[in-house]
Each structure stands twice: as structure tokens, then as C-alpha cells.
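Coordinate analysis (summary)
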Amino acid sequence: MVANKIKQIIRDVPDFPKPGIVFKDITPLLKNPALCNEIVVALAQQLRGLKIDVVAGIESRGFLFGLALAQKLNVPFVPIRKAGKLPYKTVQQSYNLEYGSAILEVHEDAFEAGQQVLIHDDLLATGGTVVAASALVQKLGAEVAGYSFLINLDFLNGKERLKTYSRQLFSLADY
């Protein structure tokens, strides 16, 4: 099962990016092309039956599997980035993290009104970044079709914050 493989390969990095945080490092997964393919297939299978017009990946680890997932689903991919990284006119959303605050941006023409957007990231913790991404989707008149994650830290209750936008939440490995 892909969840067990993910849990065996990712590494915990204590006290990163600050003391008390145990960071789930997915970079060891990237050394295994066969497992990366399995992950994309498993993500796509979870999403069967969900109408998705666009996959939006959150910087930066959401880009790694988000683009591959969009290609597998044969839909466009849109990057949601940190402030100042996109070259065209943008829409912004500020948010708080467990360890600070930040701003996300997306191009103002990233989504069309009414499009169903799947938001993808590597990991769901408290949900602050994903809530900001969801607000960006809505600011542009699109709708959040659902969420996909490699990892969900269920004990941090991030999914509760996302229910305002969509109850369709999929993850491969839950802690």
C-alpha cells in the first residue's frame, strides 16, 4: 500500500524550521521514481468522480506532485506562490503559519469564474496556507472542488478549517 511506503521513506526532522516542530521531509520520496509514479496514480484514483477543471499547487512542495497530478488528470496546473515570485499581475492573500506569517499570490487570470479547482500540497498541518490558497481561488470567482495531500497530520485538525471551502479532502498517509 502506498501509504505504508510513504511512511517508511519520509523522514522526520526535529526542530525544523523552529524548536518544537517535527518536519515531515518528503525529499527522500523523490529519489524513487517508481514510488513517485505510484503516488500520482493513487492520488488520481482517490479523485475519481470529482469534477476538476484545474489543479493548483502550493509553493513549493505542492508543485512536485501537483503538476504530475494535473497531467494525469489532463487538466491545467496553476502555481500558487509566495509574494513576489510571479511575473504577471497577481491577487494576494495573507495568512498565519504555526511559525510566522506570509503572503500567497496567484496570477489574476489563473482561474475562470466557476472553474472547479483542486488544491494540492504535500502536507496538511493546521491548514493556514491552504485556507489562504482557498481564499485566492474564491477571489477569482472559481470554486474549491477539493484538496489532495500526500500527508495529513490529522492531530492538528487542519481539515476542520477547510470544510468552509470544501468537504472533499484526500490524503495518502495520515498521522
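Everything here concerns the structure above.
An account of the accompanying structure is given in this report. (Residues numbered from 1 in each chain as written. Predicted model: local features only at pLDDT ≥ 70, side-chain atom pairs only at ≥ 80, totals over all residues. Heavy atoms only, no water.)

The subject of this paragraph is unusual backbone geometry. The linkage connecting Phe 16 with the following residue, Pro 17, adopts the cis geometry, with an omega of 5°. With respect to the helices, strands and loops of the structure, Pro 17 is situated in the loop between β1 (11–14) and β2 (22–25). Residue Ser 60 follows Glu 59 across a cis peptide bond; omega there is -15°. For Ser 60, the location among the structural elements is in the loop between β3 (54–58) and α3 (61–73). Positive phi outside glycine occurs at Asn 74, with the angle close to 60°. Within the secondary structure layout, Asn 74 lies in the loop between α3 and β4 (77–82). A relative accessible area of 70% places Asn 74 in the exposed class. (Helix = DSSP H or I, 4+ residues; strand = E, 2+ residues; numbered from the N terminus. Buried < 20%, exposed > 50% of the residue type's maximum accessible area, 1.4 Å probe, protein only.)

Attention now moves to the sheet that holds strand β6 (residues 100–107). Strand order across the open sheet formed by seven strands is β5-β6-β4-β3-β7-β8-β9, with mixed pairing between neighbours. Each edge of the open sheet is held by one strand with a lone partner, namely β5 (90–97) and β9 (169–174). The sheet shows a mean angle of 20° between the axes of neighbouring strands, direction not considered. Two elements, strand β8 (residues 143–152) and β9, share five bridges in a ladder whose sense is parallel. Paired with Asn 152 across the bridge in β9 is Asp 174. Sheet strands touched by α3: β3, β4, β7 (116–124) and β8. Its angle to β7, the strand with the most contacts, is close to 140°. Along the sheet, helix α4 (residues 128–139) makes contact with β3, β4, β5, β6, β7 and β8, crossing β5 at roughly 155°. (Pairing = 2+ DSSP bridges. Axes fitted to C-alpha atoms, helices over the stretch in contact; angles between N-to-C directions. Contact = heavy atoms within 4.5 Å.)

Next up on the list: the pattern of salt bridges. Enumeration according to the criterion identifies eight salt bridges in this entry. Ionic pairing is found between Lys 24 and Asp 12, a salt bridge with its closest N-O pair at 2.8 Å. Taken together, the residues span a long stretch of sequence, with Lys 24 in strand β2 and Asp 12 in strand β1 at a distance of twelve residues. Note on Lys 24: relative accessible area 11%, which makes it buried. In this structure, Glu 160 engages Lys 163 in a salt bridge whose closest nitrogen and oxygen atoms are separated by 3.0 Å. With relative accessibility at 46%, the residue Glu 160 sits in the partly exposed group. (Salt bridge = Lys/Arg side-chain N within 4 Å of Asp/Glu carboxyl O.)

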